[in-house]
Amino acid sequence: MLKFTRLQLETNTFFLIFIRGQLQVLGRDLDKGRVLDVGKDDIWPPPKKKTIKKINFANNKISYSKISKSFKIFNRYFPKIEKILFCSVVPTTFKLIKRYLNNKTKIKCNEIKELKLSSLIDIKVNYKQVGSDRLTNAISLINKKKNFIIIDLGTATTFDVLINKLYKGGIIAPGIKLSLNTLSDRASLIPKINLKNIKKVIGVDTVSAVRSGFFWGYAGLIDNIVNLIKKEVGKPFDVIITGGFAELIKSPIKTKVKIDKNITIKGLIKTLEILT
């Protein structure tokens, strides 16, 4: 989905940031030296103004004409935009929106992997194949004295390993929602199910059995993979968890984790400030 936000802030500089399929609009108040993100419900730092407009697109239905029509309300802000940065894992959508914004703002629209990230992070993996969102998450946490495991519960469930400034690589497992939807689509007797916090392991019907399998199954997956990473690397790690299921999955896992739902936008902000 593409989430569009209309910006209504008394600020000096305007940024556009794209994360996966979401358009994040930011304004920098130069007097106070803070970044205001009004593109999400959970935002960092909290802005004084509220989001007043959101428009959603399905990636497979997006077109140049639909973008032009929906972004018309934003026309008066285009002259104030100074920087545009994408974090995209949907190339077709990225190219379409990039073309539109290039025409409207005459500003170069960068995708984060097009920038020279070597001054920010050491990347020892296949650069072409690693996701922009995973690198951006890692950039947000770079710390010369700490190591991190970043767990992102998105379309895929990813584990990324950051050792000081080195992005070492990671693990990609099936995403919770994707797997749940696939199961109900392929198995005619299994209905659509919403996951929720549960205490019992043994289910007494189809719905409770499936909930248990996903709730406790992914908890076990996370605990086991984190332990295997620690064993293989032989170093201590802080574990950060993000994504739509972060709150739900935090409760059953034994691993001590910290939730940060804004990790990607923090990485993009850091990249904007240093490299552009």
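Values in this document were obtained by computation on a predicted structure and should not be read as measured data. (Residues numbered from 1 in each chain as written. Predicted model: local features only at pLDDT ≥ 70, side-chain atom pairs only at ≥ 80, totals over all residues. Heavy atoms only, no water.)

Peer 1: Where do I start with the overall build of the protein in this structure?
Peer 2: Each helix and strand in the protein was counted, giving seven helices and 13 strands. The buried share of the protein, taken over its 276 residues, is 49%. If you take every contact in the protein between residues at least 6 apart in sequence, the share linking residues at least 24 apart comes to 54%. Summed over all atoms, the accessible surface of the protein reaches about 14,600 Å², with 52% contributed by carbon and sulfur. (Helix = DSSP H or I, 4+ residues; strand = E, 2+ residues; numbered from the N terminus. Buried < 20%, exposed > 50% of the residue type's maximum accessible area, 1.4 Å probe, protein only. Contact = heavy atoms within 4.5 Å. Areas by Shrake-Rupley, 256 points an atom, 1.4 Å probe, with all protein chains shown as cover.)

Peer 1: Can you walk me through the pattern of salt bridges in this structure?
Peer 2: A side chain with one charge can pair with a side chain of the opposite charge if their charged atoms come near. With the rule as written, the count across this model stands at five salt bridges. Where Lys192 meets Asp185, a salt bridge forms, and the shortest distance between an N and an O atom there is 3.0 Å. In this structure, Asp260 engages Lys266 in a salt bridge whose closest nitrogen and oxygen atoms are separated by 3.0 Å. (Salt bridge = Lys/Arg side-chain N within 4 Å of Asp/Glu carboxyl O.)

Peer 1: Would you take a moment to explain the confidence of the model for the protein for this structure?
Peer 2: Note: predicted coordinates in regions of low pLDDT should not be interpreted at a detailed level. Looking at the protein as a whole, the pLDDT averages 79, with 78% of positions reaching at least 70. Every residue in residues 1-15 scores below 50 in pLDDT, and together they form 84 contacts with partners more than four places removed in sequence or on other chains. Counting interchain partners and residues more than four positions distant, the pLDDT-below-50 stretch residues 18-53 has 123 contacts. (pLDDT = per-residue confidence, 0-100.)

Peer 1: Quick question: what am I supposed to make of unusual backbone geometry here?
Peer 2: Only a minority of non-glycine residues have a phi that is not negative, and only a minority of peptide bonds are not trans. Even without a glycine there, the phi angle at Lys106 is positive, about 60 degrees. Structurally, Lys106 is set in the loop between α2 (91-105) and β7 (109-111).

Peer 1: What am I meant to see in the packing of aromatic side chains here?
Peer 2: Two measures describe an aromatic ring pair: the distance that separates the ring centres and the angle between the ring planes. In the structure shown here, the tally under the stated rule is three aromatic pairs. Plain terms: the ring middles of Tyr64 and Tyr100 are 5.7 Å apart, the flat faces sit at 70 degrees to each other, and that makes the pair edge-to-face. Note that Tyr64 is positioned in helix α1 (residues 64-70) and Tyr100 in helix α2, a separation of 36 residues in sequence. Accessibility expressed as a relative area gives 26% for Tyr64, which makes it partly exposed. Looking at Tyr100, the relative accessible area reads 2%, which means it is buried. Ring centres of Phe214 and Tyr218 lie 6.0 Å apart, and the angle between their planes is 20 degrees; this geometry places the pair in the stacked category. Of the two residues, Phe214 and Tyr218 are both situated in helix α5 (residues 206-233); the distance of four residues between them amounts to about one turn of the helix. The exposure classification of Phe214 matches that of Tyr218, with both residues buried. (Phe/Tyr/Trp six-rings, centres within 6.5 Å; stacked < 30°, edge-to-face > 60°.)

Peer 1: How should I be thinking about the side chain of Thr242 in this particular structure?
Peer 2: In this fold, Thr242 is placed in strand β12 (residues 238-243). With a relative accessible area of 4%, Thr242 lands in the buried category. Only 2.8 Å separates the side chain of Thr242 from the backbone oxygen of Asp260, close enough to count as a polar contact. Thr242 has contacts with Ile151, Asp152, Leu153, Asp260, Lys261 and Ile263, leaving out every residue within four places of it along the chain. (Polar contact = N/O pair within 3.5 Å; in protein donor to acceptor, adjacent residues only side chain to side chain.)

Peer 1: When you look at the sheet that holds strand β10 (residues 156-163) in this model, what are you seeing that I'm missing?
Peer 2: Strand pairing within a sheet occurs via backbone hydrogen bonds; the two strands may be parallel or antiparallel. One open sheet holds the six strands; their spatial order is β8-β11-β10-β9-β12-β13, and the pairing between them is mixed. Among the strands making up the open sheet, the edge pair consists of β8 (122-123) and β13 (258-259). Direction of pairing for β8 relative to strand β11 (residues 166-174): parallel, over a ladder of two bridges. Counted as the bridge partner of Ile123 is Tyr167 from β11. Those strands touched by α5 are β9 (147-153), β10, β11 and β12, and its axis lies near 25 degrees from that of β10. (Pairing = 2+ DSSP bridges. Axes fitted to C-alpha atoms, helices over the stretch in contact; angles between N-to-C directions.)

Peer 1: Teacher, can you tell me more about helix α7 (residues 263-275) here?
Peer 2: Owing to its 3.6 residues per turn, the α-helix aligns residues three or four sequence positions apart on the same side. Here α7 contains 13 residues, and its C-alpha end-to-end distance of 18 Å stays within 8% of the 18 Å for a straight helix at 1.5 Å per residue. Taken as a whole, α7 has its buried residues at Ile263, Thr264, Ile265, Gly267, Leu268, Ile269, Thr271 and Leu272. (Expected span 1.5 Å × (residues − 1).)

Peer 1: I would appreciate a short explanation of the nonpolar core in the present structure.
Peer 2: Residues Ile151, Ile222 and Ile249 are the most contacted members of the largest nonpolar core, which totals 29 residues. Among the secondary structure elements, those contributing two or more residues to this core are β9, β10, α4 (176-186), α5, β12 and α6 (246-250). Sorting elements by how many residues they give to this core places α5 first, with nine residues. Dropping the residues within four chain positions of it, Ile249 is found in contact with Leu153, Ile176, Phe215, Tyr218, Ile222 and Ile241. (Core = buried A, V, L, I, M, F, W, Y, C linked by side-chain atoms within 4.5 Å.)

Peer 1: Would you mind going over the environment of Val257 with me for this structure?
Peer 2: Summarising the element assignment, Val257 is placed in the loop between α6 and β13. Taking relative accessible area as the criterion, Val257 reaches 12% and is therefore assigned buried. Residues Val257 and Ile240, 17 residues apart in the sequence, show an inter-C-alpha distance of 5.6 Å. Leaving out residues up to four positions away in the same chain, Val257 has contacts with Val239, Ile241 and Lys250.

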